[in-house]
Amino acid sequence: MKNSKFKILNFKIKEAGFTIVEVLITSLIFSIIAMTVSAIFIQIINLERRGFAVQKIQDNALLILEEMSRDIRVSRVSNQESSNCAATTITLIHPLKGTVVYQLSNGVVQRNVAGGGFVDISGSDVNFARMNFCILGSLVNDNQSPRVSIVTSVQNRTGKEIMQIDLQTTTTSRNVLDEFSYP
Amino acid sequence: MNNEQKTMSREGAINVKITSDAHCSMLNEFGFTLIEALVALVVLTLALGPALVLSSNISSTASVIQHNLIAANLSQEGLEVVRALRDANWYNGLPFDTGLSDGIYRIEWNSNTLIALGANPPLKLSAGLYNYSSGTDTVFKRTVTITKINSEELRIISAVAWTERGSRVRDVRAESHLFDWK
């Protein structure tokens, strides 16, 4: 401190500290670094949200497809041919539960068990934008097992970025009633 | 410092100037040296590198999860369609493995027979429906491998393979055994 005091008194001495140019360059560099870092941070946050959305879609899609596949596997799927995948509802005659109907309502999958009314089975935070059934072999004595392909597109409802996952799976019914008991 | 302070207190400001100039020119302390700047850049890069790696990892993980989910369902479909073919053989009074000889094939949701593998084109997506005839190509390629273990048992392996960004090949496989139990 003594040193600088002496320097200020003597005008010929080069002053210590930063010049305006140095300060400007420093703040320029600092702001570039700060912007880069925050851009990366924002990108990571966005990706994290995206991952979270995919996870929600996955949770719902897995549940719905599993529930449907389990029901289709044991049920009689009678006279509902839909070789162009136009069917949006499916009626299954379940050996234990009775008649089970699946349908889509405003992006939510609903199930009606034994005429007890439709109940939501997918979450409200995902949107089933498409739910079609391709049904083959459901006719009486057509010498085929009923084969149901579930075609669905699932989106997240919340968040900036809307992701869509197009899913499809097929289940063959193990139920042979339509091939033998209904001649 | 002790020496300098003594000089100052004894001889005053004029001497300080000389001391100060001599000090600076001898040690050349103005600004950063090239080495210092380089070291600073290396440190900065080391700090930013992991952040960038992290962000690209998160991005590819979301994509892998998504593709895994689709592929798992598509591979399940392969198994179920082969089962439907086995059942149809029975209904038509044929041996259970008619048209299901050993080999690698393709299959789609409405197949009534196995499709020759050929060049194994990717599945197409048309209005949500994965098939081989119409729509835009997806990344997924499905194969169905049939092995006759013995006269009453077939092993079916349905594999869906795809290439992630960065040319990493991934696949999902499902296995099922079909028996001649009728």
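Calculation rules
Residues numbered from 1 in each chain as written. Chains lettered and ligands numbered in written order. Predicted model: local features only at pLDDT ≥ 70, side-chain atom pairs only at ≥ 80, totals over all residues. Heavy atoms only, no water. Helix = DSSP H or I, 4+ residues; strand = E, 2+ residues; numbered from the N terminus. Rg over C-alpha atoms; globule rule 2.2 N^0.38 Å. Buried < 20%, exposed > 50% of the residue type's maximum accessible area, 1.4 Å probe, protein only. Contact = heavy atoms within 4.5 Å. Lys, Arg positive; Asp, Glu negative; His and termini not counted. Charge placed at Lys NZ, Arg CZ, Asp CG, Glu CD. Buried area = accessible area lost by both parts, 1.4 Å probe. Salt bridge = Lys/Arg side-chain N within 4 Å of Asp/Glu carboxyl O. Polar contact = N/O pair within 3.5 Å; in protein donor to acceptor, adjacent residues only side chain to side chain. Pairing = 2+ DSSP bridges. Axes fitted to C-alpha atoms, helices over the stretch in contact; angles between N-to-C directions. Phe/Tyr/Trp six-rings, centres within 6.5 Å; stacked < 30°, edge-to-face > 60°. Lys NZ or Arg CZ within 6 Å of the ring centre and 35° of its normal. pLDDT = per-residue confidence, 0-100. Patch = residues over 30% accessible without salt bridge, like charges linked within 9 Å, V, L, I, M, F, W, Y side chains within 5 Å. Areas by Shrake-Rupley, 256 points an atom, 1.4 Å probe, with all protein chains shown as cover.

Peer 1: When you look at the overall build of chain A in this model, what are you seeing that I'm missing?
Peer 2: Check the secondary structure of chain A and you find three helices and eight strands. Relative to the 2.2 N^0.38 estimate, which gives 16 Å for 183 residues, the radius of gyration of chain A is 32 Å and therefore markedly larger than a compact globule would have. Within chain A, buried positions represent 42% of all 183 residues. Taking all contacts inside chain A whose residues are at least 6 apart in sequence as the whole, residues at least 24 apart take part in 53%. Side chains of chain A give 18 positive and 15 negative charges; the mean places of these two sets differ by 16 Å.

Peer 1: Looking at this model, I keep getting lost on the interface of chain B and chain A. Mind explaining?
Peer 2: Many analyses report the size of an interface as the accessible area lost when the parts associate. With 43 residues of chain B at the contact, the number on the chain A side is 46 residues. In total, about 3,900 Å² of surface goes out of reach between chain B and chain A, with carbon and sulfur atoms giving 64% of it. Looking at the side of chain B facing chain A, the largest losses of area belong to Leu 69, Tyr 91 and Trp 109 of chain B, adding up to 19% of the total buried there. Seen at the junction of chain B and chain A, the total is one salt bridge. A salt bridge links Glu 80 of chain B to Arg 174 of chain A, with the shortest nitrogen-to-oxygen separation between them at 2.7 Å. Between the two partners, chain B and chain A, sit 13 residue pairs in polar contact (both at pLDDT 80 or more).

Peer 1: What exactly am I supposed to notice about the sheet that holds strand S8 (residues 164-172) of chain A here?
Peer 2: Sheets are built from strands that pair by backbone hydrogen bonding, the pairs being arranged parallel or antiparallel. Ordered in space as S1-S6-S7-S8 (chain A), the four strands form an open sheet in which the pairing is antiparallel. Single-partner strands in this sheet number two, and they are strand S1 (82-87) and S8 of chain A. Sheet twist, expressed as the average angle between the axes of neighbouring strands with direction ignored, equals 20°. Strands in contact with helix H2 (residues 20-74) of chain A are strand S6 (126-136), strand S7 (147-156) and S8 of chain A; relative to S7 of chain A, the strand with the most contacts, it is inclined by about 160°. Of the strands in this sheet, S7 and S8 of chain A are in contact with helix H3 (residues 34-91) of chain B, which crosses S8 of chain A at around 20°.

Peer 1: Explanation requested: the packing of aromatic side chains in the structure shown.
Peer 2: Geometrically, a pair of aromatic rings is defined through the distance of the ring centres and the angle of the planes. Residue and element names in this part refer to chain B. Following the criterion strictly, the structure yields three aromatic pairs over all chains and no others. Residues Trp 90 and Trp 181 carry aromatic rings whose centres are separated by 4.9 Å and whose planes lie at 75° to one another, so their mutual orientation is edge-to-face. A residue pair is termed long-range when its members are at least 10 positions apart, and Trp 90 in helix H3 and Trp 181 in the segment after strand S8 (168-179) qualify at 91 residues. Trp 90 gets classed as buried once you look at its relative accessible area, which sits at 9%. These aromatic residues form a ring-pair network of at least three members: Tyr 130, Phe 140 and Trp 162. Arg 106 extends its terminal NZ or CZ atom over the ring of Tyr 132, reaching a point 4.5 Å from the ring centre.

Peer 1: For this particular structure, what's the right way to read the confidence of the model for chain B?
Peer 2: Reading predicted coordinates in detail is not appropriate for stretches of low pLDDT. Confidence in the prediction of chain B, expressed as mean pLDDT, is 84, and 84% of residues score 70 or more. Confidence over residues 1-26 of chain B falls short of pLDDT 50; this stretch has 13 contacts with residues more than four positions distant or in other chains.

Peer 1: Would you take a moment to explain a nonpolar patch on the surface for this structure?
Peer 2: A cluster of nonpolar side chains, contributed by Ile 20, Val 21, Leu 24, Ile 25 and Ile 29 of chain A, occupies part of the molecular surface with about 500 Å² of accessible area. Judged by relative accessible area, which is 62%, Ile 20 of chain A ranks as exposed.

Peer 1: Is there a simple way to explain unusual backbone geometry in this structure?
Peer 2: Keep in mind that most residues, glycine aside, have a negative phi and that most peptide bonds are trans. You will see that Asn 106 of chain A, though not glycine, has its phi angle at about 50°, which is positive. With respect to the helices and strands, the residue Asn 106 of chain A is situated in the loop between strand S3 (98-105) and strand S4 (108-113). Look at Asn 120 of chain B: it is not a glycine, yet its phi comes out positive at around 50°. Looking at the secondary structure, you find Asn 120 of chain B in the loop between strand S2 (115-116) and strand S3 (124-126).

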